[in-house]
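Tertiary structure, described
Letter by letter, the chains look like this.
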Amino acid sequence: ANTAWAYAKLAVRHQRLLDSLAVAGVRRVAAFDAQNLSNMAWAYAKMSVSHEPLLDAISAEVCRRTLGPRELANLAWSFATL
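Below or above, wherever it landed, is the structure these notes cover.

Time to look at the packing of helix H3 (residues 34–46) against helix H5 (residues 69–81). With their axes 8 Å apart at the nearest point, H3 and H5 run at an angle of 25° to one another. Regarding the angle of H3 to H5, the classification is roughly parallel. As for how H3 packs across H5, the hand of that crossing is left-handed. In this structure, H3 uses Ala34, Gln35, Leu37, Ser38, Ala41, Trp42, Ala45 and Lys46 to contact H5, whose residues at the interface are Glu71, Asn74, Leu75, Trp77, Ser78, Phe79 and Thr81. Of the residues that constitute the contact of H3 with H5, the class distribution is eight nonpolar, five polar and two charged.

Here it is, written out as structure tokens:
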């Protein structure tokens, strides 16, 4: 999540890296804390990259948790943007 966030913050879109991070993210999404879930979704939205399996995994994981207002706002923006 941090790598994706950093690339988005720098506005560097490296598609192969993003695909690899998304695949890894799908496998590890249950281990992400609320901020990592939010940052991962934000990064892909900021770069206009829609990776459906990743977004589905994040959505499913978010439904199992209680998130704070900042994470919810960032997730809402991310999904609305994509």
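The tally for this structure, following the rule as stated, stands at two salt bridges. Between arginine 64 and glutamate 61 there is a salt bridge, with its nearest N and O atoms 3.7 Å apart. We classify glutamate 61 as buried; its relative accessible area is 9%. Notably, a salt bridge pairs glutamate 61 with arginine 65, separated by 3.0 Å at the nearest N-O pair.

Its place among the elements puts glutamate 61 in helix H4 (residues 52–63). Excluding residues that lie within four positions of it along the chain, glutamate 61 makes contacts with Val29, Ala30 and Leu37.

Take unusual backbone geometry next. One non-glycine residue, alanine 11, adopts positive backbone phi at about 60°. If you trace the backbone, alanine 11 turns up in the loop between helix H1 (2–9) and helix H2 (15–28). If you check the backbone angles, serine 48 has positive phi at about 55° while not being a glycine. Looking at the element boundaries, serine 48 is found in the loop between H3 and H4. Its relative accessible area of 54% is what places serine 48 among the exposed residues.

Thresholds, definitions, all that
- Residues numbered from 1 in each chain as written.
- Predicted model: local features only at pLDDT ≥ 70, side-chain atom pairs only at ≥ 80, totals over all residues.
- Heavy atoms only, no water.
- Axes fitted to C-alpha atoms, helices over the stretch in contact; angles between N-to-C directions.
- Helix = DSSP H or I, 4+ residues; strand = E, 2+ residues; numbered from the N terminus.
- Parallel < 35°, antiparallel > 145°, perpendicular 65-115°, else oblique.
- Left-handed = near helix turned anticlockwise from the far one by under 90°.
- Contact = heavy atoms within 4.5 Å.
- Nonpolar A, V, L, I, M, F, W, Y, C, P; charged D, E, K, R; others polar.
- Salt bridge = Lys/Arg side-chain N within 4 Å of Asp/Glu carboxyl O.
- Buried < 20%, exposed > 50% of the residue type's maximum accessible area, 1.4 Å probe, protein only.

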